[in-house]
Amino acid sequence: MPMQRRRILRLWRIAAVIGAALGLVLVVWFDNEANRGVVRVPRGAPVRWADVPQLGVNLHNIQYEPDPAVVTRTLLAAQALGARTVRLQLPWDDVEIHGKGDFVDRRHAPARDAWEKYDFIIAEARRLGLEPQVRIDRAPDWARPNDRREPRFVAGLAENPDSTGPPERYADYADFVGAVAARYRGQVRFIQLWNEPNLAYEWSWRIPEPERFAELLRLAAAAARAANPQVVILFPSLSPTDGKEPRLAPMSELEYLDRVYRAGAADDFDIMSAQAYGLGQPPDENRYVRLRWHPSRPFTDLERPIDSRIDVSRVVLLRELMERHGDAAKAVWVSEFGYNSAPARVPEPARSTWGPPVDEQRKAAWLVAQLERARREWPWMGVMHVWMLRWGGEPPDPANPTPYFAVLQQDFTPLPAYGALAAYAAAPAWLGAGVHASGHPAFRPADGGWQFTFEGTYLALGRRVAPLTVRLAGGAAQQISAGDAPVVVAQGLADGRHDVTLLGAALPATVLVGRDAIVAERGWPALAALALGALMLATAWLAAGGRDDA
């Protein structure tokens, strides 16, 4: 064979191998985008605290409202929104202010009981049928006296006036958490311990210390459970970070959480918390890996050219880490999610702190779409708290973009998102793919039984203590006998929403909903097989060519 022809043939063979390899990479990449984290096949048992009313809302700064009537009006607005869980901050430094065991507020005359306003907020929430979730953080100065003498913290405080840190004696925090749990026993079930401990300004401007936080969590959880055996402990929501900020966040929240688990903290909380901000990205974006490199900054990210995107889908990576540590039985509750709509009059760079701002109509649509996506794809996700209902307390700085997460203006004027969320909450809930308990809010009483709606292509009923009659809308009734094994009711349905009626003495213990894999609909398996075959053929061809050239 002439030398020139052999060279051309070799180049073609090399190109075939590279092309086949790139084909496989693309298949893996797009399959990752389409399927990663999406539950399609129902397996296992229902996730505790996941089959609960979905919509919650953050009551930002409600504790700083001086007028009790405004507190009540805020809670009424949350009730009218359709939220069933309200999340509020109960700062340690706003209750045990002047010294250990001192619960009198003497910052202004006349002195008053520091618990008083929290007693009112929690009692009002309960009166209106709202479930309070309290977040306990912010150690008072007396519990961390050396921070004010530490140049690192003093400099950080000048940079961020909200800077705080853990107590020097972790037992002091545990004692306060126990006092909260005891005082509100029967009123407050859900307590979040600390907030964003993976950020330096929440940790006395020291490099975050997962192992030390695990010790703080252990002591506080034990104190809360001793004071109230019915308490439900939430892990503090970590700030999603890429670990590229040496002063603020030198490790990603995933590395931080992994180290907390390795420190043995799995038994010290009942529900995982997460933040799920869109950061200007649409809520249906499903990319978990992205290239950092960009031609406009060719040398900026060479040390970490590939990273996961920080957006709505980031919560899936957190969930995968939980599963690797054998913690899949716990639900994930979203402590904060939302989209910022800061107008052009807010100066940059503050205006774009949370990604490109969106207009009010898009904020409304995307908030609802994110709730729907969670219901459709993530049966392990429970309450999702919108950040935020309204800005409470003193009016904000006009240059501060934070108030533009709100769905109500400070004067209670509703924004488009408020109406969109209220309409979503008022509509009947439905089941997405997964295994669901019979206490799920999608089950509605009907004459002689129940009705529910599911979205998927497959339906089965789990353990049944009594016979049931099942009817899918437009179909014939089926008689289902009592039993423990799942019974398939329907499969091969169109992937959409289907209404179901159940008649009988009792609901089944579980309902299983499935969906066809999207890769099958898009033909990726065939493409993967073709690419793999091409790669094998090309490799064999190249090997044969090598023998010809010998």
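Attention in this report is confined to the structure presented alongside it. (Residues numbered from 1 in each chain as written. Predicted model: local features only at pLDDT ≥ 70, side-chain atom pairs only at ≥ 80, totals over all residues. Heavy atoms only, no water.)

## Here we look at the overall build of the chain
Within the chain one finds twelve helices and 19 strands. A buried classification covers 51% of the 550 residues belonging to the chain. Put simply, of all contacts in the chain between residues at least 6 apart along the chain, 75% involve residues at least 24 apart. Accessible area for the chain stands at about 24400 Å²; split by element, carbon and sulfur atoms hold 57% of it. (Helix = DSSP H or I, 4+ residues; strand = E, 2+ residues; numbered from the N terminus. Buried < 20%, exposed > 50% of the residue type's maximum accessible area, 1.4 Å probe, protein only. Contact = heavy atoms within 4.5 Å. Areas by Shrake-Rupley, 256 points an atom, 1.4 Å probe, with all protein chains shown as cover.)

## Notes on the pattern of salt bridges
Applying the stated criterion to the full structure yields 38 salt bridges. Close ionic contact of Asp94 with Arg107 constitutes a salt bridge, the shortest N to O distance being 2.5 Å. Of this pair, Asp94 sits in the loop between β2 (85-89) and β3 (104-105) while Arg107 sits in the loop between β3 and β4 (112-113), and the two are 13 residues apart along the sequence. For Asp94, a relative accessible area of 3% translates into the label buried. With relative accessibility at 38%, the residue Arg107 sits in the partly exposed group. (Salt bridge = Lys/Arg side-chain N within 4 Å of Asp/Glu carboxyl O.)

## Points about the sheet that holds strand β6 (residues 190-193)
Sheet strands associate in pairs through backbone hydrogen bonding, adopting either a parallel or an antiparallel arrangement. Overall, parallel pairing links the eight strands, which are arranged β7-β6-β5-β2-β1-β12-β11-β8 in an open sheet. Only two strands of the sheet have a single neighbouring strand rather than two, namely β7 (232-234) and β8 (272-275). Ignoring which end each strand starts from, the neighbouring axes of this sheet average 25° apart. The pairing of β6 with β7 spans three bridges and is parallel. Its bridge partner being in β7, Gln192 is matched across the sheet by Leu234. Of the strands in this sheet, β2 and β5 (131-136) are in contact with helix α3 (residues 116-127), which crosses β5 at around 150°. (Pairing = 2+ DSSP bridges. Axes fitted to C-alpha atoms, helices over the stretch in contact; angles between N-to-C directions.)

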